Structures are given as structure tokens and as C-alpha cells.
Amino acid sequence: MNQLLYSKLPIFFKVNPSLITSVGKICLDRPVMLASGILGISLDVFNRLYRSGAGAVVTKSLSTEPWDGYPNPTIFSVNGGGWINAVGLSNPGAQNFAKMIESNVDVPIIVSLVGSIPEDFESMIMQFKNCKITAFELNLSCPHVAKVGLEVGDDPELVKKIVSAVKTSTNIPVIAKVGLGTSNYLNTVNAAIDSGIDAITAINTVRAIAIDVETQRPILSNKFGGLSGTPIKPVALRCVYEISSKYDIPIIGCGGISTWEDAVEFILAGSSAVQLGSAIGSNWIHVFNDINHGILEYMKRKGYSKIDEMIGLAKKS
Amino acid sequence: MQRNHNHPKICIVEKVIDETPTVRTLIFSDDVMHNVLPGQFAMVWIPGLNELPMSVMVSKESGKAAFTVRKHGLASTGLYNVQVGQQIGVRGPYGNSFDLKQGKLLLVGGGTGLVPMMRLLTFVKPTDDVTLVIGAKSKNEVFFEELANDLLKNNVHRVIITTDDGSYGEKGFVTNTIEKLVNENRFDGIYTCGPEIMMYKTVQLAHSKGLFVQASLERTMKCGVGICGSCCIGEDLVCKDGTVFDGDHLMSNHEFGSFHRNKAGILENY
């Protein structure tokens, strides 16, 4: 059984030098990461995803206290592709989570944090001082929970305060994940860069709703959720292109990536690495290595030896 | 348009059967759910209330299926209270299924864990010798005994009931009976679904004898499609890798029989 195989395999890879990429100070063996919110609550699963080809895993967004999230239904499958989810940032809390990943040795873990005020983030960062982690990612963009996520991201002044506080609390690289809220997301990007952010992840899910025609009501318990997957890919790609055209900041592209072509598009638009989540719902975790192999084939065909050579090429034409 | 099995299909509950004072079976029409494999599950939406993972119960009538639910928490009580004529949303089926061996088979079910066992019974060959053990707390919590005997009427078979208080069948925990059975018989396949401690002991007993055993696990579930991670047990996802796991694999999983995760994802002891 392949179940058995997974648990017996040692953590070992041949690192292919062509796939190595740097997101500012963050160096990754492979350019495709697991996006935040997906599968991210156990170190055992992180190990498995890393073995499956993920360049890094981003954890579920952690809060100062454990959150149960919203009641089910928390996810809806859009006909024609994509998902709307309102899981509600369920997570075991930063302290419990930090304890769980203290034994991490191998996996590049990016810890996603969610909070309302600078003090929330500062206190959570302290919890991780004994953990081997690659970066922090600040969730400034979850579209379905009050007082956090997008409500923070939509306030550039608050973003400045949070990023400044976080940057003085840690030497580990800090990424800001932005999304499409009610204000211009580029103002959020600008505020984060002004305050010393190391990289930008763009974008989060897009606020959306699903209604059932038979029962004539919203399906998700929270009514509103975040749209992810293939429907948002062109929008996410546009954001990456805009950010990379306007600012000199490393970018991680995220939004609807499910094939190697998608990943290459984001790299050509200016991202140094990409994240995916929804594609796991349809292609399962094989998607990481499928994309890695696809990118390698493309690089061979086009004569590139490093990811770096391709970043932002679409802007030159 | 082709049916998107991740999309909730609205079904109307056509019949409700009281199995015990706390367990009901709700019957509805749906071809896809009628034909699911033993061990597979559906996500069942009670509009305006909640959604929960449910093993799909058999129905003798073609094109129909059912859910057998014990009222327990908010979601299961909500489903339990659904009346004839009310709508539910059904998406799936999800998960893998039991690997059915031939010959001498032992099935062990507790509570609503009997549901996948009943579906498994519809897949056994007439030549199979089948022993089904049903564990319950007391006589008024025993259900599906008649159905099991009926499904097995063409087989050499035994249906053994155990009750914790001895009010019906053999007195004592189901695992005592299992121990006796695996000591006295050489089973070709052992299948279990029910309370985790019961499954753990069954798997442990079978595994120690080198017998093929599989268990269908239950965990907190939100998405059902391998995205949210709520149902992880060690490195496995119950919704994608399971719900059915081999005994060998389970005995190497440090969470099986010991921990489950709550809604926030924190490990809790059984």
C-alpha cells in the first residue's frame, strides 16, 4: 500500500540545482510551496508534503489563542472550478503550534500569523524562539474573519505599525500576504515595504458567496467566504505583475496555480516562488512534483539553468 | 452537465426509521449514493444548521440510499431531527473502501460504525463464511441485527451481539468476544468500524496474529476533500488516505487509538 510506503520513506531528495530559488533572504530547494490554510496542522503532514515535492510549507494562520473556526459547511465547490471557503482560521493557537514544531529538523516551515494589533504578532513571534523556521508570513488578507486579515490589510497605517513591530522582534525574514479588499491593495504593499518587509505574497482568496437555488440560502455557515482556485488565477497574476512592475521587492505568487504552466506564468510575471492550495483538492499532493517536473522540462526546452533567469521576463516584452 | 460530486446535491428525505431511542435512519433517492463502496462517505448538509461526514447506509430499493445517525452533537442531532419531506444536501462520495477478501470473514461494528459493515455485507460472495459482531451498551441500543441476518441469509454466517450490561446477547465488551474468535479461528479478513478504542483493540488482536485487518476511521472533518487538514491522524488524512486503513499501517501510526484533534486542531486523548 502506498500508505505504508509514505511512512517508511526517509526524508531524502536529490536537490536539483535548477529549481533552487531565492525569495530575498529565503532560499528554497524548489519554487512551489504549500499555501497557508491548507493541510497545515501537523508536523507529520508537513514532512509528507516536503517529501512530496513542496519547497516549503506555510502553516495555517495562527492566532494568540486557539480558534475553532466556523461551523460547517466551511467549503463549497464552484461549478466550473475553484472553491469558496470560510473555515474561519481554525488553528490550535501559536503556543500549542510552536510546541508541536519544536522537533522540526528538515522541513522549511513558514509560520503564518494572524492578529489585530502589533502586540498580537510580537507575542506570537516570541513563542517560536526554539523552533527551526524559515520565515514568518503575516496574514493581512483573510477575507472572512472580522478584525483580522483584510480588515487589517485595508488599513495601511496599521500595517506599518504591525510590520515595524514584527521586524524589530525577529531576525527571521518576514513576508506580508496581501489580498483584494476595499482599499487599493498596492497601498498595503507600499506600507509593508516602507516598514521593512522582506517579501510579499500575492494574493489571498477573494471574498465571495455561494447560494443554493433549491433551499434558497447561502451555503456556507458564515455566508461569505474566500474564492480560491482557477477562477482567481488571472487576477492574482495581474497583481503579481503590478507589484513587480512598481516595486523592487521579492514576490511569492499565489492564486489558482494548479499546473506547471500556471507556475511559470507567475514566475514570468515577477514572482520568485509560488504557493498553491486549491489544486490539492483536485490533484492531491502529487501536484507539487508534477509542477516541479513541468518547470524543469520547460527550463530545459527554453535553455534556462536557474529559476532566477526567468523571473519577470514577461515585463520586458 | 456532468454532476460535480463536490457540489451538494439536494435530496428529499423520504422515510425516517427509528432504530433505537437515539438512532435514526433517513432514506432518500440518489443513484450515486446508492452505489458507493463500503467505507466511503458523504458530506451531508443540513441547510441552515451544519454539515457532517456520514457513512452511506444501504437501501434495498434501487436508486435509494440512507444515513443512519445517532444524536450526539449539534450537527448529528440536527440530522437526526430532519423530518420526511425536508431537504438535505449530499456531496461525495469521498474516501477509499474496504479491500474485501474471500473465505472466512470477521466484521466488527459498534454503534453507527455498523453502517459500513452493512454495506460490506452486500459485497460478500455466497461462498464466504461471515461472522458479524455487534457491540452495544445495552439491549435498547442494538440495531441492524435483523438486517444483517437477512443480508447474510445465503451465507454460512453468525451474528453475535454483545452488550456491556448483559441485557442482550453475550455480556461484556465486544473486544473480549473478538479475542476469543481470533484465537479459535483463522480469518482471511477482519473489518471494523466503530468507537476508536474498539477498533484499536480489534486491530491490535488481529495484527498480533498476523491476520489481515482493516479499520474505517473517524476524525473531525470540514472539507472532506483533502484541503483543510482537520482530519489528519499522524501524516494521514482520513478523508483522502482513508477512511479505511490497513492494520499494519495503523499500528505504526502513533495517534491511532490514542489521540484525535478537536476543531482547533489540538490533540486530545481518547
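Residues numbered from 1 in each chain as written. Chains lettered and ligands numbered in written order. Predicted model: local features only at pLDDT ≥ 70, side-chain atom pairs only at ≥ 80, totals over all residues.

Description of the overall build of chain A
Selection rule: Secondary structure counts use DSSP, requiring at least four H or I residues in a row for a helix and at least two E residues in a row for a strand, with both numbered from the N terminus. Throughout, radius of gyration means the C-alpha value; the globule benchmark is 2.2 Å times the number of residues raised to the power 0.38. Once C-beta atoms are placed from the backbone, any two residues with those atoms within 7 Å are in contact.
For chain A, the count of helices and strands is 11 helices and 16 strands. Here chain A has a C-alpha radius of gyration of 18 Å; the compact-globule value for 317 residues is 20 Å, and the two agree. Principal-axis analysis of the C-alpha atoms gives chain A an extent of 50 × 50 × 45 Å. In chain A, 71% of the contacts between residues at least 6 apart in sequence involve partners at least 24 apart.

Some words on unusual backbone geometry
As a reminder, the rule being used: Neighbour density around each residue's C-beta defines its exposure: 20 or more other C-beta atoms within 10 Å make it buried, 12 or fewer make it exposed, and counts between make it partly exposed, where C-beta atoms are placed from the backbone.
In this structure, the amide linkage connecting asparagine 72 of chain A to the following residue, proline 73 of chain A, adopts the cis form with an omega of -5°. Within the element layout of this structure, proline 73 of chain A appears in the loop between strand E4 (57-58) and strand E5 (75-77). Following glycine 242 of chain B, the chain continues into threonine 243 of chain B via a peptide bond in cis, with omega recorded as 20°. Along the chain, threonine 243 of chain B falls in the loop between strand E15 (236-237) and strand E16 (244-246). One non-glycine residue, glutamine 216 of chain A, lies in the positive phi region at around 55°. Mapped onto the secondary structure, glutamine 216 of chain A falls in the loop between strand E12 (211-212) and strand E13 (217-218). In this structure glutamine 216 of chain A comes out as exposed when scored by C-beta crowding, with 8 C-beta atoms within 10 Å.

Re the interface of chain A and chain B
Note the threshold: Residues are grouped as follows: Ala, Val, Leu, Ile, Met, Phe, Trp, Tyr, Cys and Pro are nonpolar; Asp, Glu, Lys and Arg are charged; all remaining types, including Gly, are polar.
Each partner contributes residues to the interface: chain A has 39 residues there, and chain B has 36 residues. Contributing elements (two or more residues each) for the side of chain A that touches chain B: helix H1 (2-8), helix H2 (43-51), E5 and helix H10 (278-283) of chain A. Here the residues of the side of chain A that touches chain B sort into 17 nonpolar, 16 polar and 6 charged.

Topic: the packing of helix H8 (residues 233-246) of chain A against helix H9 (residues 260-269) of chain A
Residue and element names in this part refer to chain A. Note the following rule: To get an axis, fit a line to the C-alpha atoms, keeping to the stretch in contact for a helix; angles then go from 0 to 180 degrees between the N-to-C directions. Roughly parallel refers to an angle under 35 degrees, roughly antiparallel to one over 145, roughly perpendicular to one between 65 and 115, and oblique to any angle outside these ranges. Note on convention: near helix rotated counterclockwise from far helix by under a right angle means a left-handed crossing. Clockwise means right-handed.
Between H8 and H9, the shortest axis-to-axis distance is 8 Å and the interhelical angle comes to 25°. Judged by the angle between their axes, H8 and H9 are roughly parallel. Where H8 crosses over H9, the handedness of that crossing is right-handed. For the pair formed by H8 and H9, the contact residues are Lys233, Leu237, Val240, Tyr241 and Ser244 on the first element and Asp262, Glu265, Phe266 and Ala269 on the second. Here the contact of H8 with H9 is built from residues that sort into 5 nonpolar, 1 polar and 3 charged.

Points about the pairing of strand E14 (residues 224-228) of chain A
Residues and elements named next belong to chain A. Let me state the cut-off plainly: Being paired, for any two strands, means DSSP has found at least two bridges between them.
By the criterion of burial, E14 is predominantly enclosed, with 4 of the 5 residues buried. With 3 bridges joining them, strand E6 (residues 83-85) and E14 adopt antiparallel strand pairing. When the sheet's bridge partners are listed, asparagine 85 is paired in E14 with glycine 226. Bridge analysis of strand E11 (residues 206-209) against E14 gives 4 bridges, and the strand direction is antiparallel. Residue pairing for E14: alanine 208 is matched across the bridge by glycine 225.

Examining the domain arrangement of chain B
Residue and element names in this part refer to chain B. The following threshold applies: These domain boundaries are the output of an automatic or database domain assignment.
Taken domain by domain, chain B holds domain 1 (9-94) and domain 2 (104-269). Computed over C-alpha atoms only, the centres of domain 1 and domain 2 are separated by 20 Å. Listed per partner, the contact involves 17 residues of domain 1 and 19 residues of domain 2. At the level of secondary structure, the elements contributing two or more residues to the side of domain 1 that touches domain 2 comprise strand E2 (15-20), strand E4 (41-46), strand E5 (50-55), strand E6 (64-70) and strand E7 (87-94). In terms of residues, the side of domain 1 that touches domain 2 owes the most to one element, E6, which gives 3 residues.

With respect to H2 of chain A
Residue and element names in this part refer to chain A. Most of H2 is tucked away, with 7 of its 9 residues classed as buried. Taken as a whole, H2 has its buried residues at Val45, Phe46, Asn47, Arg48, Leu49, Tyr50 and Arg51. Just beyond H2, the residue with positive phi is glycine 53, at close to 115°.

Section: the sheet that holds E5 of chain B
Residues and elements named next belong to chain B. Taken in spatial order, the 4 strands of this open sheet run E1-E7-E4-E5, and their pairing is antiparallel. Each edge of the open sheet carries a strand with a single partner, namely strand E1 (9-12) and E5. Averaged over all pairs of adjacent strands, the angle between their axes in this sheet comes to 35°, without regard to strand direction. With 6 bridges joining them, E4 and E5 adopt antiparallel strand pairing. Bridge pairing in E5 places phenylalanine 41 opposite serine 55.

Observations regarding the pairing of strand E10 (residues 156-163) of chain B
All names here are of chain B. Keep this limit in mind: For crossovers, right-handed means that the path from the first strand over the helix to the second runs clockwise, given strands pointing away from the viewer.
In the sheet, strand E9 (residues 129-136) pairs with E10 via 8 bridges, with the strands oriented parallel. By the bridge assignment, glycine 135 is partnered in E10 with threonine 162. Assessed by its sense of winding, the connection that carries the chain from E9 through helix H4 (residues 145-151) to E10 is right-handed. With 2 bridges joining them, E10 and strand E11 (residues 170-171) adopt parallel strand pairing. Residue pairing for E11: threonine 162 is matched across the bridge by glutamate 170.

Structural notes on the sheet that holds strand E3 (residues 23-29) of chain B
Residue and element names in this part refer to chain B. Across the sheet, 3 strands lie side by side as E2-E3-E6; this open sheet has antiparallel pairing. If you trace the sheet from one side to the other, it starts and ends with E2 and E6, each paired once. Between one strand and the next, the sheet's axes are offset by a mean angle of 25°, whatever the strand orientation. Summarising the sheet, E3 and E6 pair through 7 bridges and their orientation is antiparallel. Looking at E6, one finds that valine 23 is bridged to arginine 70.

Concerning the confidence of the model for chain B
As a reminder, the rule being used: pLDDT: the predictor's confidence for each residue, scored from 0 to 100.
Confidence in the prediction for chain B averages 96 pLDDT; 100% of positions are at 70 or higher. The ipTM for the predicted assembly is 0.92, set against a pTM of 0.93.

Concerning the nonpolar core
Note the cut-off: Each nonpolar core comprises buried Ala, Val, Leu, Ile, Met, Phe, Trp, Tyr and Cys residues, the members being joined through C-beta atoms within 7 Å.
In this structure, Val57, Ile200, Ala202 and Val240 of chain A together with Val44 and Met118 of chain B are the most contacted members of the largest nonpolar core, which totals 185 residues. Taken domain by domain, the makeup of this core includes at least three residues from each of domain 1 (9-94) and domain 2 (104-269) of chain B. If sequence neighbours within four positions are ignored, alanine 202 of chain A has contacts with Val178, Ala236, Cys239, Val240, Ile243, Ile251, Gly253 and Cys254 of chain A.

A word on helix H3 (residues 94-101) of chain A
Residues and elements named next belong to chain A. Filter applied, for reference: Relevant arc is that of directions from the helix axis to the C-beta atoms, nothing else.
For H3, the full list of buried residues reads Ala94, Phe97, Ala98 and Met100. Angularly, the buried residues of H3 cover 160° about the axis, an arc narrow enough to put them on a single face. On its buried side, H3 packs onto H2 and helix H4 (118-127).

Quick notes on the environment of lysine 15 of chain B
Residues and elements named next belong to chain B. By the secondary structure assignment, lysine 15 is in strand E2. Residue classification places lysine 15 among the partly exposed residues on the basis of 13 C-beta atoms within 10 Å. Placed 10 residues apart in sequence, lysine 15 and threonine 25 show a C-alpha to C-alpha distance of 8.1 Å.

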